[in-house]
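Architecture at a glance
Below, each chain spelled out in residue letters.
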Amino acid sequence: KNASHPSRKWGDDSSNLIKHWSKLSLEQVIDWQTDSNRYGGDVNRQTSQWLQTFLYNSSTLELRNCVEVSYNGLDPVQKGGAVYFFLILKEMFQMTTDVVTALKSTFSTFRKEGLTKIRNKNVSIISRQLEAVAVALHEVGALPDEAPLDILE
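Residues numbered from 1 in each chain as written. Predicted model: local features only at pLDDT ≥ 70, side-chain atom pairs only at ≥ 80, totals over all residues. Heavy atoms only, no water.

A closer look at the overall build of the chain
What counts here: Secondary structure follows DSSP: runs of H or I at least 4 residues long count as helices, runs of E at least 2 residues long count as strands, and numbering of each begins at the N terminus. Throughout this description, buried means an accessible area under 20% of the type-specific maximum (1.4 Å probe, protein chains only), exposed means over 50%, and partly exposed covers the range between. Contact definition: two residues touch when any of their heavy atoms are within 4.5 Å.
Scanning the chain from N- to C-terminus turns up 9 helices and 0 strands. When the helices and strands of the chain are read in sequence order from the N terminus, they spell out α-α-α-α-α-α-α-α-α. Going through the 153 residues of the chain one by one, you find that 30% of them count as buried. Within the chain, contacts between residues at least 6 apart in sequence are counted, and of these 65% link residues at least 24 apart.

Observations regarding the environment of Leu-24
You can see Leu-24 is positioned in the loop between helix H2 (17-20) and helix H3 (26-39). Sequence separation of Leu-24 and Phe-86 is 62 residues, and the distance between their C-alpha atoms is 9.0 Å. Not counting residues up to four positions away in its chain, the partners in contact with Leu-24 are Ser-15, Leu-17, Val-29, Phe-86 and Lys-90.

Concerning the pattern of salt bridges
The test is simple: A pair is scored as a salt bridge if a Lys or Arg side-chain nitrogen falls within 4 Å of a carboxyl oxygen belonging to Asp or Glu.
For the structure shown, the criterion picks out 1 salt bridge. In this structure, the salt-bridge partner of Arg-45 is Asp-42, at a minimum N-O distance of 2.7 Å. With a gap of 3 residues between them, Arg-45 and Asp-42 both fall in helix H4 (residues 41-58), about one helical turn apart. Given the relative accessible area of 60%, Asp-42 is considered exposed.

Some thoughts on a nonpolar patch on the surface
Put simply, the test is: The patches reported here contain residues having more than 30% relative accessible area and no salt bridge. Joining distances are 9 Å for like charges and 5 Å for nonpolar side chains (Val, Leu, Ile, Met, Phe, Trp, Tyr). Accessibility throughout is a Shrake-Rupley quantity obtained with a 1.4 Å probe, and a residue counts as covered only by protein chains that appear here.
A cluster of nonpolar side chains, Met-95, Val-99 and Val-140, forms an exposed patch at the surface whose accessible area comes to about 190 Å². Locating Met-95 in the fold gives a position in the loop between helix H6 (81-92) and helix H7 (97-113). For Met-95, a relative accessible area of 31% puts it in the partly exposed group.

Points about the side chain of Arg-64
Topologically, Arg-64 is positioned in helix H5 (residues 61-71). If we skip the residues at most four places from it in the chain, Arg-64 touches Tyr-56, Asn-57, Ser-59 and Tyr-84.

A closer look at the environment of Met-95
On a C-alpha basis, the gap between Met-95 and Val-140 in space is 7.8 Å, while along the polypeptide they are 45 residues apart. Leave out the neighbours within four places in its chain, and Met-95 touches Val-100, Leu-103, Ala-136, Leu-137 and Val-140.

Some details on the nonpolar core
Note the threshold: Only buried residues count toward a nonpolar core, which is a set of Ala, Val, Leu, Ile, Met, Phe, Trp, Tyr and Cys residues joined through side-chain atoms within 4.5 Å.
Membership of the largest hydrophobic core comes to 18 residues, with the highest contact counts inside it found for Leu-17, Val-29, Val-67, Tyr-71 and Val-83. Of all the secondary-structure elements, those providing two or more residues to this core are H3, H5 and H6. Considering each element in turn, this core owes the most residues, 8 residues, to H6. Once residues within four sequence positions are removed from consideration, Val-67 is found in contact with Tyr-84, Leu-87, Ile-88 and Glu-91. Among the nonpolar cores identified, the runner-up in size contains 9 residues, and Phe-107, Leu-130, Val-133 and Ala-142 belong to it.

What to know about the packing of H3 against H6
The condition is simple: In this analysis an axis means a line fitted to C-alpha atoms, helices contributing only their contacting stretch, and an angle means the value between N-to-C directions, from 0 to 180 degrees. Angle categories: roughly parallel below 35 degrees, roughly antiparallel above 145, roughly perpendicular from 65 to 115, and oblique for all the rest. Take the far helix as the reference: if the near one is turned anticlockwise from it by less than a right angle, the crossing is left-handed, and if turned clockwise, right-handed. Put simply, Ala, Val, Leu, Ile, Met, Phe, Trp, Tyr, Cys and Pro go in the nonpolar bin, Asp, Glu, Lys and Arg in the charged bin, and everything else, Gly too, in the polar bin.
Relative to each other, H3 and H6 sit at 160°, their axes nearing to 8 Å. Considered as vectors, H3 and H6 are oriented roughly antiparallel to each other. Viewed along their axes, H3 and H6 form a crossing whose handedness is right-handed. Where H3 approaches H6, its residues Leu-26, Val-29, Ile-30, Trp-32 and Gln-33 are matched on the opposing element by Gly-81, Ala-82, Val-83, Phe-86 and Leu-87. Across the contact of H3 with H6, the residue classes tally to 8 nonpolar, 2 polar and no charged.

Side note on the packing of H4 against H6
Contact geometry for H4 and H6: axes closest at 7 Å, N-to-C directions at 30°. The angle between H4 and H6 falls in the class roughly parallel. Between H4 and H6, the residues in contact are Ser-48, Leu-51, Gln-52, Leu-55 and Tyr-56 and Gly-81, Ala-82, Tyr-84, Phe-85 and Ile-88, respectively. In terms of residue class, the contact of H4 with H6 is built from 7 nonpolar, 3 polar and no charged.

This is the structure:
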């Protein structure tokens, strides 16, 4: 993606930052934000600034401090709502070893307890929960091979 203009660089490529943030790198988001700032026009820049301000004002002091370490080191043309949002997501949903271990235990717990701990023994609820855990673990390459067996047993 080395084209000189964003329309040639990005083409029809699109990624939903909310749904697929864990599949994107900080460099990709910064690259998009930079192009948006340079070529997006005043309305896009203003909207991006509003998003960044909203996110900043909606965050705890602790979260702000963590995000600002990375954000303040960026060049002004790299800053904006998308980058700030990405940094918040990375900070809030880090996949540490402890998080991966806890998520993996979801499958073995379900194998042992089944629907007994689920409100009204609702299959739809546990299905969505197990899918979310599986997707999160798969995205970081940590989905256990035995997960399908744990679910089906």
